[in-house]
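Understanding the architecture of this molecule
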Amino acid sequence: AQSVTQLDSQVPVFEEAPVELRCNYSSSVSVYLFWYVQYPNQGLQLLLKYLSGSTLVESINGFEAEFNKSQTSFHLRKPSVHISDTAEYFCAVSDNTDKLIFGTGTRLQVFP
Amino acid sequence: GAGVSQSPSNKVTEKGKDVELRCDPISGHTALYWYRQSLGQGLEFLIYFQGNSAPDKSGLPSDRFSAERTGGSVSTLTIQRTQQEDSAVYLCASSLVAGSGYTFGSGTRLTVV
């Protein structure tokens, strides 16, 4: 069975500092990997995804994630965060059934 | 429609009552999913509809929960004899093809008092 582990429930960081949100998964088959973001009082939005090809994927707002098969990880990074990046971030994995299994989420809190 | 629409946005119900939550997916999306988000927890998969195939009900927590999807479009999640532990945000999502990622609705916040 698939599972996703987000070890950090909260990550506090100052504005303009770099950040890494960790995600590890377990699966016995090839996977698709996703990061979703939930801003305060809003629904979940797809941030980025890995389906195949280049292991480094980027979002339009400066986040990137790298698929590391040997370490079964898909960590999310941003070199310089903004106040507006404060949100809950969810990592998710699916196999070819298209059912997503989500992690428990990481709350990123950016301080001025 | 332009997005996934869920109604009501908020629902307060008394313990023991039945509730129905509605989801209207993006037009043309063949796959529809229900998840539950409880405070301090992640998203818990409930049920998955794909086209005309039998739904994947493996995530439904008890037989008080059921869902249907009529005409391959609108879906209704029904919770019978609600309990306080059913209080959560119920999220619906749809997708066009496998692996493309979901589009989520804004959810229904259910409070059982």
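Everything here concerns the structure above.
All residue numbers refer to positions counted from 1 along the written sequence of the respective chain. Chain letters and ligand numbers both follow the written order, the letters beginning at A and the numbers at 1. The model is predicted, so local features are restricted to residues of pLDDT at least 70 and side-chain atom pairs to those at 80 or more, both for listing and for counting; the totals for chains, interfaces and linings are taken over all residues. Remark: hydrogens and water are excluded; side-chain values derive from all non-hydrogen atoms of the structure.

Only DSSP runs of H or I reaching four residues or more are called helices, and only runs of E reaching two or more are called strands; each is numbered from the N terminus. Helix and strand counts for chain A stand at zero helices and 12 strands. Ordered by position from the N terminus, the helices and strands of chain A form the series β-β-β-β-β-β-β-β-β-β-β-β. The C-alpha atoms of chain A give 13 Å as radius of gyration, which agrees with the globular expectation for 112 residues (13 Å, within 12%). Its C-alpha atoms put chain A at 40 × 25 × 25 Å along the principal axes. Between the two quantities, the radius of gyration covers C-alpha atoms and the globule rule is 2.2 Å times the number of residues to the power 0.38.

All names here are of chain B. Any two rings among Phe, Tyr and Trp, with Trp reduced to its six-membered ring, count as a pair given centres within 6.5 Å; such a pair is stacked if its planes are under 30 degrees apart, edge-to-face if over 60, and tilted if neither. Tallied over the full model, the rule gives 15 aromatic pairs over all chains. The interplanar angle of 50° and the centroid separation of 6.0 Å between the aromatic rings of Tyr35 and Tyr102 together place this pair among those described as tilted. Residue Tyr35 is located in strand E4 (residues 31–37), and its partner Tyr102 is located in the loop between strand E8 (88–95) and strand E9 (103–104); the two are separated by 67 residues in the primary sequence. Comparing Tyr35 with Tyr102, the two get one shared label, buried. The buried label goes to any residue with under 20% of its type's maximum accessible area, the exposed label to any with over 50%, and the partly exposed label to all in between, with areas taken from a 1.4 Å probe on protein chains only.

With that settled, the discussion passes to the side chain of B:Thr82. Residue and element names in this part refer to chain B. Here Thr82 shows up in the loop between strand E7 (75–79) and E8. Pairs of N or O atoms within 3.5 Å make up the polar contacts considered here, provided that, within protein, one atom can donate a hydrogen while the other can accept it, and that residues adjacent in sequence are counted only when both atoms are side-chain atoms. Among the polar contacts made by the side chain of Thr82, one reaches the main-chain carbonyl oxygen of Glu14 at a distance of 3.2 Å. Of the polar contacts made by the side chain of Thr82, one reaches the backbone oxygen of Lys17; its length is 2.9 Å. Discounting residues that sit within four places of it in the chain, Thr82 has contacts with Thr13, Glu14, Lys15, Gly16, Lys17, Val19, Arg64 and Val112. Contacts are residue-level and defined by heavy atoms, with any inter-residue pair within 4.5 Å sufficient.

Attention now goes to the state of the cysteines. Residue and element names in this part refer to chain A. What counts as a disulfide here is a pair of cysteine sulfur atoms lying within 2.5 Å. Within this structure, the stated rule accounts for two disulfides over all chains. In this model Cys23 forms its disulfide with Cys91; the gap between the sulfur atoms is 1.9 Å. Because the sign of the S-S torsion sets the handedness, a value of about -65° for the bond joining Cys23 and Cys91 places this disulfide among the left-handed ones. Of this pair, Cys23 sits in the loop between strand E3 (19–21) and strand E4 (24–26) while Cys91 is found in strand E10 (residues 87–94), placing the two residues 68 residues apart along the sequence. For the residue pair Cys23 and Cys91, the accessibility class agrees, reading buried in each case.

This paragraph deals with the environment of B:Asn52. Locating B:Asn52 in the fold gives a position in the loop between strand E5 (43–50) and strand E6 (65–69). Linking B:Asn52 and B:Gly72, residues 20 residues apart in sequence, is a C-alpha distance of 7.2 Å.

Turning our eyes to something else, we now look at the nonpolar core. As used here, the term nonpolar core means buried Ala, Val, Leu, Ile, Met, Phe, Trp, Tyr and Cys residues forming a set that is joined through side-chain atoms within 4.5 Å. Residues A:Leu33, A:Trp35, A:Leu47, A:Leu48, A:Phe74, A:Leu76 and A:Tyr89 are the most contacted members of the largest nonpolar core, which totals 28 residues. Within the residue set of this core, elements represented by two or more residues are strand E2 (10–14), E3, strand E5 (32–38), strand E6 (44–50), strand E8 (64–68), strand E9 (73–78), E10 and strand E12 (106–111) of chain A. In terms of residue count, the dominant contributor to this core is E10(A) (four residues). With 20 residues, the next largest nonpolar core counts B:Val4, B:Leu60, B:Tyr90 and B:Val112 among its residues.

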